[in-house]
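Examining the three-dimensional arrangement
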Amino acid sequence: MFAKVSLAILAAITANFAGAAVVKRAVSPDAPATITACSGSLNPPNGCATIPVVADTCTSFTGGLTFLNNEISNVLVPLGFTCTFFDQFGCDSNGGTGNPSDVVFLQGGATNMENAQGVAGPENFNDLASSFTCSPIYEELTKVIFDVPLCGHREGSVRLE
C-alpha cells in the first residue's frame, strides 16, 4: 500500500514540478504498411488486392487498381493505422460539398463496407470507394526528468527518468 501511495505522490510531484518532454511514436511500429481491399470476401480471399500504404498519400483506384473502383466490399487495415475511403478519385469529398455520406473512416482490423463508420454513424459504403488515404495512429509519451536531492547529503542528486 505504501508503495502505491508513494508512487502516486511521486507522479503528482512529477506532473506539477518537473520538466516534461512529449514524444510521439506510432502505436504499432511493426505494423505492415499494406491494406487488403476485396471486391468479395476477406476470408476466404475473393477479388482481393494487397495495396502498399504510403502515409498521408492518396491512392485512387485507377490503373492496376481499376478493378476495385466502386467494387470494394471488405477491407483489412493493419493495426496502428487509420484509413479514410472516399467515393471520388483523388481523396475528394464530393467535390468539396461536404456530403457526410461520401467518406468513411476505418481503424485497424477487418471492415465490411456495408457497415463502415461514416461522419454521422454507420454507412453502407459497399461498392462506393474510389480512393483512400491512410495514416499511422500516434500516441503521445511524456517523459519526465527531474533531479532529487540525496537525503542527508549536501551535494549530489539522483536523476530520475
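Treat the numbers as computed from the prediction; the structure is a model and nothing was measured.

With that settled, consider the state of the cysteines. Structurally, a disulfide amounts to a covalent bond that connects the sulfur atoms of two cysteines. Under the definition given, this model contains 3 disulfides. In this model, C38 is linked to C48 through a disulfide, with the two sulfur atoms separated by 1.9 Å. Its S-S torsion of approximately 105° makes the covalent link between C38 and C48 right-handed. Pair noted here: C38 is in strand β2 (residues 34-38) and C48 is in strand β3 (residues 48-52), with a separation of 10 residues, a long-range link. The disulfide partner of C58 is C91, and the S-S distance across this bridge is 2.2 Å. Looking along the S-S bond of the C58-C91 disulfide, the torsion reads about 95°, which is the right-handed sense. Highlighted residues: C58 in the loop between β3 and β4 (59-60) and C91 in the loop between β5 (74-86) and β6 (103-112), separated in sequence by 33 residues. On the basis of relative accessible area, C91 is assigned to the buried category, the value being 17%. In the protein chain, the cysteines engaged in disulfides, taken in order along the sequence, are linked 1-2, 3-5, 4-6.

Right, let's get into unusual backbone geometry. For the bond running from N43 to P44, omega is 0°, close enough to zero to count as cis. Note on placement: P44 falls in the loop between β2 and β3. With phi around 55°, C91 is a residue other than glycine that occupies positive phi space. We note that D127 has phi near 60°; this positive angle belongs to a residue other than glycine. Looking at where D127 falls in the secondary structure, it is placed in the loop between β8 (121-123) and β9 (131-136). Taking the relative accessible area as the measure of exposure, D127 reaches 30% and is therefore partly exposed.

Take the side chain of S130 next. Structurally, S130 can be placed in the loop between β8 and β9. Residue S130 is classed as buried on the basis of its relative accessible area, which comes to 3%. Looking at S130, its side chain comes within polar contact range of the side chain of N69, at 2.7 Å. The contacts of S130, once residues within four sequence positions are left out, are T59, S60, F61, N69, N70, F86, D87, Q88 and F89.

Below, the discussion takes up the packing of aromatic side chains. The final tally for this structure, using the stated rule, is 2 aromatic pairs. Consider the rings of F61 and F132, whose centres lie 5.7 Å apart with planes at 25°: the pair is stacked. One end of the pair, F61, is in the loop between β4 and β5; the other, F132, is in strand β9, with 71 residues separating them in the sequence. Grouping residues by exposure puts F61 and F132 together as buried.

Definitions and limits used
- Residues numbered from 1 in each chain as written.
- Predicted model: local features only at pLDDT ≥ 70, side-chain atom pairs only at ≥ 80, totals over all residues.
- Heavy atoms only, no water.
- Disulfide = S-S within 2.5 Å.
- Helix = DSSP H or I, 4+ residues; strand = E, 2+ residues; numbered from the N terminus.
- Buried < 20%, exposed > 50% of the residue type's maximum accessible area, 1.4 Å probe, protein only.
- Polar contact = N/O pair within 3.5 Å; in protein donor to acceptor, adjacent residues only side chain to side chain.
- Contact = heavy atoms within 4.5 Å.
- Phe/Tyr/Trp six-rings, centres within 6.5 Å; stacked < 30°, edge-to-face > 60°.

Nothing here speaks to function; it is geometry throughout.
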